[in-house]
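# Remarks on the overall topology
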Amino acid sequence: MPDNASPDNATGGTAEVTAAGTAEVTAAGIARLAGVGRAAVSNWRRRHADFPKPVGGTETSPAFALRDIEQWLRDQGKLAEVPLRERVWQQLVGHPAGTATALRQAGAVLLLVHERPAVWQQLRTAADDAELTGVLPAMLDAVLAARLGPEHPVRGLTREALAPSAALVRAAGDLAAADGAPQAYTFLLGRHLDANPRQYTLTPPGPAALMAELAASAGPLGSVLDPACGAGALLAAAQERAGQDRGGQDPTGQETADGTDGAGTTASQAGAPGAPDAPVTLHGQEADPDLAALTALRLALSAPGAPVRVRAADTLRADAFPDLAADAVLVHPPFNERNWGHDELAYDPRWEYGFPARTESELAWVQHALARLRPGGTAVLLMPPAAASRRSGRRIRADLLRRGALRAVIALPAGAAPPNGVPLHLWVLRKPGGQPPAPHLLVVDTADLATGAPAGRDRPDWQSVHTTAVEAWQTFDREGGIEEQPGVRRSLAAIDLLDDDVDLAPARHLPPPAAAGGPAELARVRERLTATLARTTELTPRPAPGDTVPDPAATARRPLTTVGELARSGALVLRAGGAGTAATSGGTLLMGATPPEGGREPGEAPAVLTDHDVLGGGAPSGALPEAPASGPAEEAVLLREGDVVVPVLGGGAVARVVDEATAGAALGRNLTLLRPDPAALDPWFLAGFLRGTANTRQASSYASTATRLDVRRLHLPRLPLAEQRRYGQRFRELADFEGALRLASRLGEQLIQGLHDGLTEGSVAPD
């Protein structure tokens, strides 16, 4: 769902056109043109006196003349030619009518190229610009009406509107010829959505695929509705899932003799609900007219042959599909809306389960979804967790349970979808029809499944979440109940939930898992702790004998060098962390790292070593952010065995030598990597001296709220390599002792908490 702001009110892109008609480009646009990061553009501005001067923008976000930038990049050998994709994108963001309007025009042209290539070729080769934009509106209207229905939302494609778009129209056709029309539109729409993140609330692919899978468990999908379709992620997921039911064979979408593509059939004309050979009919409604148009074009291009019916209107106030009886309804509704139509819709027939309070907009969407299902159809809604327990909605929740409409509540891990800090819920509903009310409710909690190493701290492990949720729902739906798994899933009698609160939050109804895995696991933890404490005693360092204490005066006279000097001499390499995104497949590795380490498969994104991991001595727990759909993945700094990693924030004296288990991870934010030349520097010697308290104090700068370490200013003594290794061996022994202490601390905490839980839950006897 978009926010209230209009996409046309923000450029959000890389180029714009001034009143004088000169195209301008920002630093982000320059980076895209040259295929580098923004930091490289900043370096060019500092190091090259002939770099073009800003012609607009602001001090913090200057704009440059696109023509000057292109020429400078060519002169420097950094750009042979602006890629066709970038040229089309620049024409979009520089269009006088705004990016969204231009993207709507380009998308319609791409649909014409895709559906009727012969017509486009005739127009492309025979018409000059004026003639092209003169005859194009009728051609576009014909293909849009045939593909999207006569009430489609892609409006405003008049001769006057297309007059300034001749170059854009031709460039879009060229891009379709180069990349394919669906791929070209996916790129342009993805770039537009990425450039305006505050204006759209998008449903990530993971939750979208899970919702489509849950909806399809009752049988193949014949018609699907998303009444708050936004950018169309849920409908696209439903189309993909329906394609799997047809054995992966999508309809071809060939033109018919009357000029249509055969996509105008309704679900009832296509056959019985869920007929395996019939294309799924996609219905969507979106309040933002621009986004509705862009979504309709996306679905028409990505789902060949599938009937697409998208309407632009407020769903609750002006339902565009009042007579629809869909097989499935998928919704990611807007949360916490007060102005949803409470005053106007008091007597609406959709409120079959009760009139929602003004603060319960989500329950209005729940009842709208049920009203647009066929009997036995399935609705899946992404809901805020508060909707399961707010007292203002308890009467509606109770009636949903009594009548067997609400079948499952599945808690997702935090970060599954915006808002990312909240663990959202999935509600699975089934429209009653002819069968006795279902007496049970399935509750599933997947939050603890998303903390494994593959997913990391920043991204849920969707494979585990998807498998757990789908298996639980399919078993429950098939058998009417499910075997209880403490902490994960449970089947509840609906009558037991009909108390004063009707609280449906899964965490409140699931018994906790056995304390620390039960008494047997506690015994194993105790054995490990005992062994670790014994090892800690063995590793406890002893001070050197008095006769081997070095002379303080001689130590003070040792020649010193700095990390910065060592970097300039080539004795070590410095790299800052934080860059990098996860590629969908493959990717290049920075600094010649050998692929792939740490047990990763080729193409698999590496885990990220975070500053928390370094400070706590833990394994890499972070995850690279996903690369935007509109561009390639950024290269990450990958760790090698023997690298030294230093946190730059917090004021602590910490340095970590990368071992074999950590090698291959990506370097996280607020970390600096030092890669010593083994012929000049011992890594343990380097890490040990970097941890000196006096050393870090003299290299730190202090702000009002934080301390920052300037790694280049850290001192090291100039010592022969053999002497470095003597020190390094001692520092390694200290690191082993520190690791044993940390392990003992973690095991002790685990044992103490497990015993507390076991005693209070009855799994451990007090004697």
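Residues numbered from 1 in each chain as written. Predicted model: local features only at pLDDT ≥ 70, side-chain atom pairs only at ≥ 80, totals over all residues. Heavy atoms only, no water.

## What about the overall build of the chain?
Under the convention used in this document: Helix and strand definitions here come from DSSP, where helices need a minimum of 4 consecutive H or I residues and strands a minimum of 2 consecutive E residues; each element is numbered from the N-terminal end. Here the term buried applies to any residue with accessible area under 20% of the maximum for its type, exposed to any over 50%, and partly exposed to those in between, with areas from a 1.4 Å probe on protein chains only. Contacts are residue-level and defined by heavy atoms, with any inter-residue pair within 4.5 Å sufficient. The Shrake-Rupley method, run with a 1.4 Å probe, gives the accessible areas here. Residue values count only the displayed protein chains as cover.
Secondary structure summary: the chain contains 24 helices and 24 strands in total. Of all 767 residues assigned to the chain, the portion counted as buried reaches 49%. Contacts spanning at least 24 positions in sequence make up 75% of the contacts within the chain whose residues lie at least 6 apart. Total accessible area on the chain is roughly 35,300 Å²; 52% of this is exposed by carbon and sulfur atoms.

## Overview of the pattern of salt bridges
The line we're drawing: What makes a salt bridge here is a side-chain nitrogen of Lys or Arg within 4 Å of a carboxyl oxygen of Asp or Glu, nothing more.
Under the definition given, this model contains 32 salt bridges. Across the pair Arg317 and Glu344 runs a salt bridge whose closest N-O atoms are separated by 2.9 Å. On the criterion of sequence distance, the pair formed by Arg317 in the loop between strand 7 (308-312) and strand 8 (326-331) and Glu344 in the loop between strand 8 and helix 15 (361-371) is long-range, its members being 27 residues apart. Residue class for Glu344 comes out exposed when judged on its relative accessible area of 53%. The salt bridge involving Glu352 is made with Arg403; its shortest N-O contact spans 2.5 Å. Highlighted residues: Glu352 in the loop between strand 8 and helix 15 and Arg403 in the loop between helix 16 (394-402) and strand 10 (406-411), separated in sequence by 51 residues. Overall, the relative accessible area of 30% leaves Arg403 in the partly exposed class. Because the salt bridges share partners, they merge into one network encompassing Glu70, Arg74 and Arg87.

## Some remarks on the pairing of strand 10
Definition in use: What makes two strands pair is DSSP finding at least two bridges between them.
Among the six residues in strand 10, six count as buried, and that is most of the element. Summarising the sheet, strand 10 and strand 11 (residues 425-430) pair through five bridges and their orientation is antiparallel. By the bridge assignment for strand 11, Ala411 is matched with His425. In this sheet, strand 12 (residues 440-445) lies alongside strand 10 in parallel orientation, the contact comprising four bridges.

## Some thoughts on the confidence of the model for the chain
Inclusion rule: Known as pLDDT, the predictor's confidence for each residue is given on a scale from 0 to 100.
Averaged over the chain, the pLDDT score is 84; the fraction of residues at 70 or greater is 83%. Counting contacts from residues 248-276, a segment whose pLDDT is below 50, to residues more than four positions away or on other chains yields 48 contacts. Confidence drops under pLDDT 50 across residues 451-458; counting only partners more than four residues distant or on other chains, this segment forms 14 contacts.

## Remarks on the sheet that holds strand 16 (residues 607-609)
Note on sheets: strands pair through backbone hydrogen bonds, and any given pair is parallel or antiparallel. Spatially, the three strands line up as an open sheet ordered 17-16-20, and their pairing is mixed. The open sheet has two edge strands with one neighbour each: strand 17 (622-623) and strand 20 (666-667). Across two bridges, the pairing between strand 16 and strand 17 is antiparallel. Note on strand 17: the bridge partner recorded for Ala607 is Ala623.

## What about the environment of Leu442?
In this structure, Leu442 sits in strand 12. On a C-alpha basis, the gap between Leu442 and Val428 in space is 9.3 Å, while along the polypeptide they are 14 residues apart. Setting aside residues no more than four positions away along its own chain, Leu442 makes contact with Arg407, Ala408, Val409, Ala472, Trp473, Phe476, Ile482 and Arg490.

## Side note on helix 17 (residues 462-479)
Count 3.6 residues to each turn of an α-helix, and residues three or four apart come out pointing the same way. Note the threshold: By this rule the span expected of a helix is its residue count minus one, scaled by 1.5 Å.
Between its first and last C-alpha atoms helix 17 spans 25 Å; for 18 residues at 1.5 Å apiece the expected length is 26 Å, and the two agree. All buried positions along helix 17 are accounted for by Trp462, Val465, Thr468, Ala469, Val470, Ala472, Trp473 and Phe476. Of the surrounding elements, those touching the buried residues of helix 17 are helix 11 (205-215), strand 10, strand 11, strand 12 and strand 13 (489-493). At the C-terminal side of helix 17, Gly480 shows a positive phi close to 80°.

## A short note on the sheet that holds strand 9 (residues 373-383)
Basically, it comes down to this: All axes here are fitted lines through C-alpha atoms, helices being fitted over the stretch that makes contact, and every angle between N-to-C directions spans 0 to 180 degrees.
Spatial ordering of the open sheet is given by 7-6-5-8-9-11-10-12-13, a layout of nine strands whose pairing is mixed. Looking along the sheet, the strands with just one partner apiece sit at the ends: strand 7 and strand 13. Each strand of the sheet is rotated relative to its neighbour by a mean of 15°, with strand direction disregarded. By the bridge criterion, five bridges tie strand 12 to strand 13 in an arrangement that is antiparallel. Its bridge partner lying in strand 13, His440 is registered against Ala493. Contacts between helix 11 and the sheet are confined to strand 8, strand 9, strand 10 and strand 11, with strand 9 contributing the most and set at about 160° to the helix.

## Examining the packing of helix 10 (residues 181-195) against helix 14 (residues 289-302)
Under the convention used in this document: We call two directions roughly parallel when the angle between them is under 35 degrees, roughly antiparallel when it is over 145, roughly perpendicular when it lies between 65 and 115, and oblique otherwise. Here a crossing is called left-handed whenever its near helix is offset anticlockwise from the far helix by less than a right angle, and right-handed whenever the offset is clockwise.
Contact geometry for helix 10 and helix 14: axes closest at 9 Å, N-to-C directions at 150°. Classified by the interaxial angle, the pair formed by helix 10 and helix 14 is roughly antiparallel. Between helix 10 and helix 14 the crossing geometry is left-handed. From helix 10, Ala181, Pro182, Tyr185, Leu189 and His192 reach across to helix 14, where they touch Leu294, Leu297, Arg298 and Leu301.

## Some remarks on the packing of aromatic side chains
How we decide: Each Phe, Tyr or Trp ring, with Trp reduced to its six-membered ring, pairs with another whose centre is within 6.5 Å; inter-plane angles below 30 degrees give stacked pairs, above 60 give edge-to-face pairs, and intermediate values give tilted ones.
According to the stated counting rule, one finds 11 aromatic pairs in the structure shown. Judged by centre distance (5.7 Å) and plane angle (85°), the rings of Phe51 and Phe64 are edge-to-face. In this pair, Phe51 is assigned in the loop between helix 2 (38-47) and strand 3 (56-57) and Phe64 in strand 4 (residues 62-65), connecting sequence segments 13 residues apart. Judged by relative accessible area, Phe51 falls into the buried class, the value being 5%. For Phe64, a relative accessible area of 0% puts it in the buried group. When the centroid spacing of 4.8 Å and the interplanar angle of 70° are considered together, the rings of Phe51 and Trp72 count as edge-to-face. Of this pair, Phe51 sits in the loop between helix 2 and strand 3 while Trp72 is found in helix 3 (residues 66-75), placing the two residues 21 residues apart along the sequence.

## Some details on helix 7 (residues 129-148)
Defined as follows: Bend, in this description, refers to the angle at a residue between axes fitted to the seven residues ending there and the seven starting there.
Over its 20 residues, helix 7 extends 27 Å from the first C-alpha to the last, a length consistent with the 28 Å expected when each residue adds 1.5 Å. Taken as a whole, helix 7 carries its principal kink of about 35° at Leu136; the proline Pro137 stands between one and four residues after it. Those residues of helix 7 lying buried are Leu132, Thr133, Gly134, Leu136, Pro137, Leu140, Val143, Leu144, Ala146, Arg147 and Leu148. Positive phi appears at Gly149, one or two residues downstream of helix 7, with a value of about 90°.

## Brief notes about the packing of helix 4 (residues 84-93) against helix 10
Our working definition: Residue polarity follows a fixed list, in which Ala, Val, Leu, Ile, Met, Phe, Trp, Tyr, Cys and Pro are nonpolar, Asp, Glu, Lys and Arg are charged, and the others, Gly among them, are polar.
With their axes 11 Å apart at the nearest point, helix 4 and helix 10 run at an angle of 50° to one another. Considering their axes alone, helix 4 and helix 10 lie oblique with respect to each other. Handedness of the crossing formed by helix 4 with helix 10: right-handed. Side by side, helix 4 and helix 10 meet where Arg85, Glu86, Val88, Trp89 and Leu92 of the first sit next to Gln183, Phe187, Leu188, Arg191, His192 and Ala195 of the second. Tallied by class, the residues present in the contact of helix 4 with helix 10 amount to six nonpolar, two polar and three charged.

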